[in-house]
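Structural features, examined
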Amino acid sequence: MPRERIILLSDCQSFYASVEKAAHPEYADQPVAVGDPTRMNGIVLAACPLAKSRGVTTASRVGEALTKCPELVVIRPRMGTYITVSLLISEIYQVYTDLVEAFSIDEQFLDVTGSLRAFGGDLPELIHSIQQHVLLSTGVWTRVGIGPSKILAKMANNFAKKQPGGTFRLDYDNLDTELWPRPVHEMFMVAGRMTRNFYRMGITTIGDIARMELGEFKQRMRRTMGKQSDIQAEYYWQTAHGIDPSPVVTGIRHQMKSVGHGKALRWNLYTRLEEIEVVLLELVIEVCQRARKYRYMGSVVSVAVVETDGNTSNSYSRQTTLPEPSALTHEVAAVAYRLFVDHWTGMPLSRLSITISELTDDRVMQLTLFDDRIRTLGREQAIDQIKTRYGSQALIRASSLLESAVALERAEQIGGHYK
Ligand SMILES: [Mg+2]
């Protein structure tokens, strides 16, 4: 029996605002927000606790925030600095364990199962040292969720924010008292629409899900959300029980130059754009998913084509630069589609491949997201998680059910060319 893991999710409080407050000691006692001070319509990216106590909320308009809190100091974001500080904080965590995984710009997982003993064996003391180390080095206060799985560490972190010491622990033997009484929307991955679905099912707490037999929960989900909901039911049920075997993985992505996928096609089946675009979308989905897995965004999209009329064949590759790096399916798909349509001679296809290159760290991109791109990224990462846990057939686009789709077929290829 493997020993239980000790996983931490360490989150930086008001990250950008904390970095700015550390850089500007003259504002130490003033409410500080990060946003564009010249654009009243712009978004508040972060607010310090003092500003929050005066009604300033993240993602509100700068103008609104100034109305609520006229003494608010609004500081223009310095993305490069936040990335540098985030990487510095990673390095600090790596003093305490080599298993550190970035979850977002200001949240990282640490697996200290193997290293705790080297630091004296006292977990609260170790966590306190880490918090102090980060605070003294960067001026940023961190809150730490503790759990035997990543999902429990993540949910514990939400509760840690309200604790004076900034830590909270969820364990398999305290779930019934610490997690299950909580409202269902506090469960990971449950947003507004899902909350309403659960309410319609009579589910108001996390325990309402956990205490049900999985089979019964699936049936009730089906009645409310249709036949396709089994995978989701399983995901939520496991989450309510804190089941999440995924390991904390360190970056193994440094050498990657590009992410691509290709598919040989039976050319007589791919003669029309409407058939080809289905495959094109599937390839983009796979490319983007893999890029996100390694926390990459690409700036250049390439489409490589082999066409044939059965006698002669013709191959070419075309590429274009995106306005901003992306691993968002709809953005890459739109560009890849345009590229293909602009250069396709109309002959049937015997091979198609899509590649993104000029890769950058997606944490850099997250900092520049002012609109709903960040929400889209979050949604796509959520889908990735479900696919990682349940296989790539767990969620597929409706278009993949069309005859020309190859995603299902490819999902079954093991050790093949594409995996
Ligand atoms: Mg934070």
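The structure reproduced in this document is the subject of the present report. (Residues numbered from 1 in each chain as written. Predicted model: local features only at pLDDT ≥ 70, side-chain atom pairs only at ≥ 80, totals over all residues. Heavy atoms only, no water.)

Looking now at the overall build of the protein. Broken down by element type, the protein carries 16 helices and twelve strands. A burial count over the protein gives 50% of its 419 residues as buried. Excluding contacts between residues fewer than 6 apart, the proportion of contacts in the protein whose partners are at least 24 apart in sequence is 66%. In the structure as shown, the protein presents an accessible area of about 20,200 Å², 52% of it carried by carbon and sulfur atoms. (Helix = DSSP H or I, 4+ residues; strand = E, 2+ residues; numbered from the N terminus. Buried < 20%, exposed > 50% of the residue type's maximum accessible area, 1.4 Å probe, protein only. Contact = heavy atoms within 4.5 Å. Areas by Shrake-Rupley, 256 points an atom, 1.4 Å probe, with all protein chains shown as cover.)

Let us look at the pattern of salt bridges. Where charged atoms of side chains with opposite charge meet at close range, the side chains can pair. Per the counting criterion, the structure on display carries 17 salt bridges. In this structure, D36 and R76 form a salt bridge, with 3.5 Å as the shortest nitrogen-oxygen distance. Here D36 is found in the loop between strand 2 (32–34) and strand 3 (46–47), whereas its partner R76 is found in the loop between strand 4 (73–75) and helix 4 (79–96), with 40 residues between them in sequence. Note that E216 and R220 form a salt bridge whose closest N and O atoms lie 3.4 Å from each other. Of this pair, E216 and R220 both sit in helix 10 (residues 214–225), four residues apart, which is roughly one turn of that helix. Each of D11, R143 and K161 takes part in one network of salt bridges that share partners. (Salt bridge = Lys/Arg side-chain N within 4 Å of Asp/Glu carboxyl O.)

Axis separation between helix 12 (residues 273–293) and helix 13 (residues 329–343) bottoms out at 9 Å; the angle between their running directions is 140 degrees. Relative to helix 13, the element helix 12 lies oblique. Pair helix 12 / helix 13 crosses with right-handed handedness. Residues L273, I276, E277, L280, L281, V284, I285, C288 and R292 of helix 12 touch helix 13, and the partners they reach there are T329, V332, A333, A336, Y337, F340 and V341. (Axes fitted to C-alpha atoms, helices over the stretch in contact; angles between N-to-C directions. Parallel < 35°, antiparallel > 145°, perpendicular 65-115°, else oblique. Left-handed = near helix turned anticlockwise from the far one by under 90°.)

All right, on to the coordination of the magnesium ion then. Protein coordination at the magnesium ion: the donors are D11 (OD), C12 (O) and D106 (OD), at 2.2 to 2.5 Å from the metal. Mapped onto the sequence, the donors of the magnesium ion take the spacing D-C-x93-D. Under the relative-accessibility criterion, D11 is labelled buried at 4%. (Donors = N, O, S within 2.8 Å, 3.2 Å for Na, K, Ca; no water.)

Of all five residues that make up strand 6 (residues 107–111), five are buried, and the element is covered over most of its length. Covered by surrounding structure in strand 6 are E107, F109 and D111 together with Q108 and L110, the residues of both alternating faces. Where strand 1 (residues 7–12) lies against strand 6, five bridges are found, and the strand directions are antiparallel. Each residue of the ladder has a partner; that of S10, found in strand 6, is Q108. Two successive antiparallel strands, strand 5 (residues 100–104) and strand 6, enclose a turn made up of two residues. (Pairing = 2+ DSSP bridges.)

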